[in-house]
Amino acid sequence: MRRAFYIGRFQPFHLGHYSLIKDIAQDVDEVVIGIGSAQKSHEPKNPFTAGERVMMIRHALEDADIKHYAIPLEDLQRNAVWVSHIISMAPPFDVVYSNNPLVVRLFKESGTPVEQPPMYQREGYSGTEIRERMLNDGDWQSLVPEAVVDVIDEIDGVNRLKSVSKSDKDYKD
Ligand code: ATP
Ligand code: MG
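All of the points below concern the structure found in this document. Owing to the predicted nature of the structure, the values given are computational and were not obtained by experimental measurement.

Regarding the overall build of the protein
- Tallying secondary structure elements over the protein gives seven helices and five strands in all.
- Moving toward the C terminus, one meets the helices and strands of the protein in the order β-α-β-α-β-α-β-α-β-α-α-α.
- For 173 residues, the compact-globule estimate of 2.2 N^0.38 gives 16 Å, and the protein sits close to it at 17 Å.
- Dimensions of the protein, computed from C-alpha atoms along their principal axes, come out at roughly 60 × 35 × 25 Å.
- Taking all 173 residues of the protein together, the buried fraction comes to 47%.
- Put simply, of all contacts in the protein between residues at least 6 apart along the chain, 67% involve residues at least 24 apart.
- Entry remark: accessible area of the protein is about 9600 Å², with carbon and sulfur atoms responsible for 45%.
- Here the protein carries 20 positive and 27 negative side-chain charges, and the mean point of each set is 6 Å from the other.

Rendered as structure tokens:
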């Protein structure tokens, strides 16, 4: 049984994440998906709660036949012991997949094997780009799995993002 670990904030879970997880699943039996900054929500860079991100991942991967565990992980603010924090919370894993330089560095220093996969269409498949399009009523729906559109609609996610991106200076009566 070989298990891979892959971490992101998934604000929201998009087609870049989805494509990468499909690739990872070719190499291993199960994928452990760490939902980073789990404690954050209702802010412009982190609009969705950990539970909502679990829903996005569960529904997006429903038909893909990928055995996975999505685990919310709170930030630690202490990089030197971050890998131990992850290991203390996640199902055991044998290899890490990441293209984030800090994540790669910290796991390599701990002696965990790390694979660095390529990025998929980074211009569009990017959380920052998707949140920007949500704020400007652009086409964000084509950049995420259909199931993620449904979750975001269910939780009124676009209006939430718009609300939390305003300041009281924008208030007009
Ligand atoms: P944000 O712009 O909010 O940081 P993001 O698109 O970078 O969002 P993250 O949740 O930060 O998404 O990404 C999790 C991991 O997935 C990171 O290591 C990131 O480099 C990787 N990743 C993000 N977009 C892609 C993509 N298009 N293809 C492959 N990997 C990606
Ligand atoms: Mg990112």
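Structural notes on the packing of helix α3 (residues 82–89) against helix α4 (residues 101–109)
- Look at α3 against α4: their axes get within 9 Å of each other, and the N-to-C directions meet at 80°. When the interaxial angle is binned, α3 and α4 end up roughly perpendicular. Taking contact as the criterion, the partners of W82, V83 and I86 in α3 are, on α4, V103, L106 and F107.
- Taken together, the residues of the contact of α3 with α4 sort by class into six nonpolar, no polar and no charged.

Topic: helix α2 (residues 50–60)
- For α2, the full list of buried residues reads A50, E52, R53, M56, I57 and A60. Here the buried residues of α2 occupy an arc of 165° about the axis, which is enough to place them on one side.
- Of the surrounding elements, those touching the buried residues of α2 are α1 (15–27), β2 (30–35), β3 (68–72), α6 (146–154) and α7 (157–164).

What counts as what
- Residue numbering note: each chain is counted from 1, following its sequence as written.
- Chains and ligands are labelled sequentially in the order written, the chains with letters from A and the ligands with numbers from 1.
- Local features in this predicted model are restricted to residues of pLDDT 70 or higher, and side-chain atom pairs are both shown and tallied only at a pLDDT of 80 or more, whereas totals for entire chains, interfaces and linings draw on every residue.
- Derived side-chain values reflect all non-hydrogen atoms in the structure, with water molecules and hydrogen atoms excluded from consideration.
- In DSSP terms, a helix is any run of H or I states spanning at least four residues, a strand is any run of E spanning at least two, and both are numbered starting from the N terminus.
- Taken over C-alpha atoms, the radius of gyration is set against a globule rule of 2.2 Å times the number of residues to the power 0.38.
- Burial here depends on accessible area, computed with a 1.4 Å probe over protein chains only, as a share of the maximum for the residue type. Under 20% is buried, over 50% is exposed, and the range in between is partly exposed.
- Every residue pair with non-hydrogen atoms within 4.5 Å of one another is taken to be in contact.
- Only the protein chains shown count as covering a residue, and every accessible area follows the Shrake-Rupley method with a 1.4 Å probe.
- In this charge count, Lys and Arg are treated as positive and Asp and Glu as negative; neither His nor the chain ends contribute.
- The atoms used to mark charge sites are NZ of Lys, CZ of Arg, CG of Asp and CD of Glu.
- Axis lines are fitted through C-alpha atoms, for helices just across the contact stretch, and the angle between N-to-C directions can take any value from 0 to 180 degrees.
- For this classification, under 35 degrees means roughly parallel, over 145 means roughly antiparallel, 65 to 115 means roughly perpendicular, and everything else is oblique.
- By the convention adopted, Pro, Cys, Tyr, Trp, Phe, Met, Ile, Leu, Val and Ala count as nonpolar, Lys, Arg, Asp and Glu as charged, and the other residues, Gly among them, as polar.
- Directions drawn from the helix axis to the C-beta atoms are what define this arc.

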